[in-house]
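# Coordinates in review
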Amino acid sequence: MHSFETIQEKAIQLLKSCGKLTAPVNLEAIAEYLSLRLEPSIMDEDTSGMLVIKNGNGIIGFNHRHPDVRKRFTIAHEIGHYILHHVKADESDDLYVDKTVSIYHRKDQSNREEKEANVFAASLLMPEDLVKKEASKFIAIGDSEIEKLAEHFEVSIISMTYRLMNLGVIETD
């Protein structure tokens, strides 16, 4: 079990390690740094992506039909599983399949792991310091500013809204 702070620290450490602490985050470079292969895949509409680890080699498959912002979050989410939940041993095999409604994992994956991977994805795609720096450029944060921030970080408006709320930049209703 990882704390919110620990997850954020792991995401920032990864970004710093591969020299990618800029917006928008270059997920392809991060995957390459981690020796993960990215594969656009044909999947059911309710399947976002999967992380397959076989003989220590990782592949992230993502639904090529989803919007680009969804693909980016899915890839970041799967990187989160890789960093937070995968036991890094050459003989270790894992499979994570992420669906919109239900989540399946061959080792009885818990909802906690999904939440942790989501926190990691948000922290990776929208690093706290960068989000706060960009948000400080606005006098107030309304819908149009959230949309501009979402475009800048190449994430969905809803992802940016949640991130801003979780960071205390905007108030929750």
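Use the structure listed above.
Residues numbered from 1 in each chain as written. Predicted model: local features only at pLDDT ≥ 70, side-chain atom pairs only at ≥ 80, totals over all residues. Heavy atoms only, no water.

### A short note on the overall build of the protein
A tally of helices and strands in the protein yields 7 helices and 5 strands. Each helix and strand of the protein, ordered N terminal to C terminal, gives the series α-α-β-β-β-α-β-β-α-α-α-α. Summarising the internal contacts of the protein: among those between residues at least 6 apart in sequence, 56% fall at separations of at least 24. Surface accessibility of the protein: about 9400 Å² in total, with carbon and sulfur atoms responsible for 50%. (Helix = DSSP H or I, 4+ residues; strand = E, 2+ residues; numbered from the N terminus. Contact = heavy atoms within 4.5 Å. Areas by Shrake-Rupley, 256 points an atom, 1.4 Å probe, with all protein chains shown as cover.)

### Focus: the pattern of salt bridges
Where charged atoms of side chains with opposite charge meet at close range, the side chains can pair. For the structure shown, the criterion picks out 6 salt bridges. A salt bridge links Lys132 to Glu128, with the shortest nitrogen-to-oxygen separation between them at 2.8 Å. Of this pair, Lys132 and Glu128 both sit in helix α5 (residues 128-135), 4 residues apart, roughly one helical turn. (Salt bridge = Lys/Arg side-chain N within 4 Å of Asp/Glu carboxyl O.)

### Points about the packing of helix α6 (residues 143-153) against helix α7 (residues 157-166)
In contact at an axis separation of 9 Å, α6 and α7 are set at 105 degrees when each is read in the N-to-C sense. In terms of axis orientation, α6 runs roughly perpendicular to α7. Where α6 approaches α7, its residues Ile146, Glu147, Leu149, Ala150 and Phe153 are matched on the opposing element by Ile157, Met160, Thr161 and Leu164. Residues of the contact of α6 with α7, tallied by class, amount to 7 nonpolar, 1 polar and 1 charged. (Axes fitted to C-alpha atoms, helices over the stretch in contact; angles between N-to-C directions. Parallel < 35°, antiparallel > 145°, perpendicular 65-115°, else oblique. Nonpolar A, V, L, I, M, F, W, Y, C, P; charged D, E, K, R; others polar.)

### Re the packing of α5 against α6
For the pair α5 and α6, interaxial distance at closest approach is 11 Å and the crossing angle is 135 degrees. Compared by their axis directions, α5 and α6 come out oblique. The crossing of α5 and α6 is right-handed. In contact with Leu130, Val131, Glu134 and Ala135 of α5, α6 contributes Leu149, His152 and Phe153. When grouped by side-chain class, the residues that make up the contact of α5 with α6 number 5 nonpolar, 1 polar and 1 charged. (Left-handed = near helix turned anticlockwise from the far one by under 90°.)

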